[in-house]
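Structural characterization, general
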Amino acid sequence: MGNIDPGNLIIWFIVLLFSLSFHEAAHAWTSEKFGDDTGRLQGRITLNPIAHIDPVGTIVFPILGFIKGFPCSMG
């Protein structure tokens, strides 16, 4: 896996949390504007990352990707 800079890892994690929260809140807000109230009912029209955490997609896949080195090393 090579050398891992803890500072870069922390910055990567913060950017991931912010972008994930913004992206998912935008989905919920847009669907609300088109008449689907599912996001509002689930409390996902928020920038709070806790409201958007999915155990598999947010925790398991990134950990597996980090362990396997994807997408940094493809070999």
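Reference entry: report on the structure contained in this document.

**Overview of the overall build of the protein**
A count of helices and strands for the protein gives three helices and zero strands. In sequence order, the protein lays out its α and β elements as α-α-α. A compact globule built from 75 residues should have a C-alpha radius of gyration of about 11 Å, whereas the protein, at 15 Å, is more than 25% larger. A principal-axis box enclosing the C-alpha atoms of the protein has dimensions of 50 × 25 × 15 Å. At a minimum sequence separation of 6, the contacts of the protein that also span at least 24 residues come to 45%.

**Looking at the layout of surface pockets**
Of the volumes computed, that of the second largest pocket is approximately 310 Å³. Only α1 (6-33) and α3 (55-68) provide two or more residues apiece to the lining of the second largest pocket. Grouping the amino acids of the lining of the second largest pocket by side-chain chemistry returns 11 nonpolar, two polar and no charged.

**As for α1**
Look at α1: 41 Å from first C-alpha to last across 28 residues, which is about the 40 Å you get at 1.5 Å a residue. When we look at burial in α1, the residues that qualify are Ser21, Ala25 and Ala28. Against α2 (38-41) lie the buried residues of α1. In the segment just after α1, Gly35 is the residue with positive phi, at about 100 degrees.

**Side note on the packing of aromatic side chains**
Applying the stated rule across the entire model yields one aromatic pair. With a centroid separation of 6.3 Å and 20 degrees between ring planes, the pair formed by Phe18 and Phe22 is classed as stacked. With Phe18 and Phe22 both in helix α1 and four residues apart, the pair spans about one turn of that helix.

**Regarding the environment of Thr58**
Assignment of secondary structure puts Thr58 in helix α3. In the structure, Thr58 is positioned 17 residues away from Leu41 in sequence and 21 Å away in space, judged by C-alpha atoms. Aside from chain neighbours lying at most four places away, what touches Thr58 is Leu20, His52 and Ile53.

**Some words on the side chain of Ser21**
Tracing the chain through its elements places Ser21 in helix α1. Judged by relative accessible area, Ser21 falls into the buried class, the value being 1%.

About the cut-offs
- Residues numbered from 1 in each chain as written.
- Predicted model: local features only at pLDDT ≥ 70, side-chain atom pairs only at ≥ 80, totals over all residues.
- Heavy atoms only, no water.
- Helix = DSSP H or I, 4+ residues; strand = E, 2+ residues; numbered from the N terminus.
- Rg over C-alpha atoms; globule rule 2.2 N^0.38 Å.
- Contact = heavy atoms within 4.5 Å.
- 1 Å grid on protein atoms, 1.4 Å probe; cavity = no way out; pocket = protein on both sides within 12 Å on 5 of 7 lines; lining within 4 Å.
- Points joined across faces, edges and corners; volume = space filled by probe spheres on them.
- Nonpolar A, V, L, I, M, F, W, Y, C, P; charged D, E, K, R; others polar.
- Expected span 1.5 Å × (residues − 1).
- Buried < 20%, exposed > 50% of the residue type's maximum accessible area, 1.4 Å probe, protein only.
- Phe/Tyr/Trp six-rings, centres within 6.5 Å; stacked < 30°, edge-to-face > 60°.

In short, shape yes, function no, at least from these values alone.
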